[in-house]
Amino acid sequence: MNEILKLFNIKGNILSCEAHGGGYINDTYLVTCENEDGSHIRYILQRINHNIFKDPFSLMENFAMVCDYLKEIVRNNGGDPFRETLTIVPTKDNQKLVCVDGNYYRMLLFIEGTVCHEVSQGANDFYKCAKAFGNFQHMLKDFPAEKLTETIPNFHNTPKRFETFLKAVEENKSGRAHLVQDEINFILERKSVTDSLIDLLNAGEIPLKVTHNDTKLSNILMDEKTDDSLCVIDLDTIMPGLAAYDFGDSIRAGACYSTEDEKDLSKVYVVLELFEAYVKGFIEGCKDGLIKKEIETLPLGAKVITLEQGIRFLSDYLDGDLYYKTQYADHNLDRTRTQLKLVADMESKWDEMNAIVKKYSN
Ligand code: GN1
Ligand code: MG
């Protein structure tokens, strides 16, 4: 690993390089270096999963453009661009990534004094995350979307995800389809849900925006001292998308007190207090940037993206765990079940969820 690290323009002597974080796709390492005066400086090294991100160079172009754009806004607002946005550490020959033995690596500055959470820490904390993700969308409102490469085409194209799922069921590469008939049927019964948001987009009722597309709780760094949301991370899937996607993905991941792979499904349900906190924070963070119809469709965003995530986990389970990193044989199945449980719970709380959104829609 040291050979790779040395290709980057990092300061000091390398002390350690350890696995870091809980991402399912890329490999992430925390690198600690020591300066001559004994002080430490830390970096994040990531191996980009090029089976999934097929064009790492375009991905890094997107990444750099968005970082530069955000830095300018943060600077103009009197903030600290090196704490409130990510910073790419270039290679010694000034590239944004290196390719070694067919693998692609990038380096980022580690932002000191921050923490991130896998599971919700309560309504106030979740409200702060919502404001940060809403504000993130607001900051990118005039970003020239046409300059962005779609790093994963059809990423939140839920009808396409549904088609891929049907194919996975039919091919049954893992031979496990007979074990998950209930889950398969649950999804098949909800085909119309998978079409709902795209239909509204195609009808011109909701606009396409530049969105983050992976707005889970753990993709926000919080200030260790104040617990305020500081920096939105994981910029790999910034692409044109819907406000409802970003809203929905956060609800899926954070409007509950359970992990994504909780086995005890009685612990997996939507906490309306958390949902409300997020609705309030997200709408405030977007600063009048959402039209009435977008706000109205926020609960739908939650349901569609949660169902989509269940579809994606189950498709991967049927394929034999090729996409997501897994720690044990049924990991993707446990993940599927939490998502489908959340969808069912949203259905039973549908009127309440819509009433909450209505309360904040003026
Ligand atoms: C993946 O790698 P990570 O943890 O940032 C996935 C997201 C899913 C998420 C589920 C490129 O994100 O779409 O929502 O897992 N990213 C990709 O936790 O597929
Ligand atoms: Mg991600």
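Residues numbered from 1 in each chain as written. Chains lettered and ligands numbered in written order. Predicted model: local features only at pLDDT ≥ 70, side-chain atom pairs only at ≥ 80, totals over all residues. Heavy atoms only, no water.

Let's shift gears to the packing of helix α8 (residues 243-254) against helix α11 (residues 298-319). At a closest axis distance of 7 Å, the pairing of α8 and α11 adopts a crossing angle of 65°. Viewed along their axes, α8 and α11 form a crossing whose handedness is right-handed. Here α8 contributes A244, Y245, F247, G248, D249, I251 and R252 to the contact with α11, which in turn contributes L298, P299, G301, A302, I305, T306 and Q309. Its residues assigned to classes, the contact of α8 with α11 shows 8 nonpolar, 4 polar and 2 charged. (Axes fitted to C-alpha atoms, helices over the stretch in contact; angles between N-to-C directions. Helix = DSSP H or I, 4+ residues; strand = E, 2+ residues; numbered from the N terminus. Left-handed = near helix turned anticlockwise from the far one by under 90°. Contact = heavy atoms within 4.5 Å. Nonpolar A, V, L, I, M, F, W, Y, C, P; charged D, E, K, R; others polar.)

Turning our attention to the environment of R176. For R176, the position within the fold is in the loop between α5 (158-171) and α6 (181-188). A relative accessible area of 15% means that R176 is categorised as buried. Expressed as a C-alpha distance, the spacing of R176 and E61, which sit 115 residues apart in the sequence, is 40 Å. Not counting residues up to four positions away in its chain, the partners in contact with R176 are Y317, L318, G320, D321, A329 and D330. Polar contacts involving the side chain of R176 include one to the main-chain carbonyl oxygen of A329, which spans 3.2 Å. (Buried < 20%, exposed > 50% of the residue type's maximum accessible area, 1.4 Å probe, protein only. Polar contact = N/O pair within 3.5 Å; in protein donor to acceptor, adjacent residues only side chain to side chain.)

The next thing to look at is helix α4 (residues 123-139). The end-to-end C-alpha separation of α4 is 24 Å, in line with the 24 Å expected for 17 residues at 1.5 Å each. The buried fraction of α4 amounts to 12 of the 17 residues, a majority that puts the element mostly inside the structure. What α4 keeps buried is the set A123, D125, F126, Y127, C129, A130, A132, F133, G134, F136, Q137 and M139. Against the buried residues of α4 lie α2 (56-76), β8 (209-211), β9 (220-223), β10 (229-232), α8 and α9 (272-286). (Expected span 1.5 Å × (residues − 1).)

What follows is about the sheet that holds β9. Taken together, the 3 strands give an open sheet; going across it, the order is β7-β9-β10, and neighbouring strands pair in antiparallel fashion. The two strands at the open ends of the sheet, each matched to only one other strand, are β7 (114-115) and β10. By the bridge criterion, 3 bridges tie β9 to β10 in an arrangement that is antiparallel. Bridging from a neighbouring strand, I220 pairs with V232 of β10. Across the face of the sheet, α4 comes into contact with β9 and β10 while running at roughly 45° to β10. (Pairing = 2+ DSSP bridges.)

Each pair of donors in an ideal octahedron of six around a metal sits at 90 or 180 degrees, and each pair in an ideal tetrahedron of four sits at 109.5 degrees. Listed as protein donors to the magnesium ion (ligand 2) are D214 (OD) and D234 (OD); their distances from the metal cover 1.9 to 2.1 Å. On the criterion of sequence distance, the pair formed by D214 in the loop between β8 and β9 and D234 in the loop between β10 and β11 (239-241) is long-range, its members being 20 residues apart. Note on D214: relative accessible area 17%, which makes it buried. Given the relative accessible area of 23%, D234 is considered partly exposed. (Donors = N, O, S within 2.8 Å, 3.2 Å for Na, K, Ca; no water.)

A few words on the environment of Y328. Among the structural elements, Y328 can be located in the loop between α11 and α12 (331-348). Take Y328: its relative accessible area is 31%, and that puts it in the partly exposed class. Sequence-wise, Y328 and M107 are 221 residues apart; in three dimensions their C-alpha atoms are separated by 30 Å. What Y328 contacts, discounting residues up to four positions off in sequence, is D261, K263 and D334. At 2.6 Å, the side chain of Y328 and the side chain of D334 are in polar contact.

For S196, the position within the fold is in helix α7 (residues 191-202). In terms of polar contacts, S196 uses its side chain to reach the backbone carbonyl oxygen of V193, at 2.7 Å. Filtering out sequence-adjacent residues up to four positions away, S196 remains in contact with L300 and V304.

Turning next to the nonpolar core. Most often, soluble globular proteins have nonpolar side chains that are buried together. Judged by nonpolar contacts, the single largest core of 74 residues is most densely connected at F63, L86, F247, I251 and F275. When residues of this core are assigned to their parent elements, the largest contribution, 9 residues, is made by α4. Non-local contacts of F275, meaning those with residues more than four positions away in its chain, are made with F247, I251, A255, V270, M353, I356 and V357. (Core = buried A, V, L, I, M, F, W, Y, C linked by side-chain atoms within 4.5 Å.)

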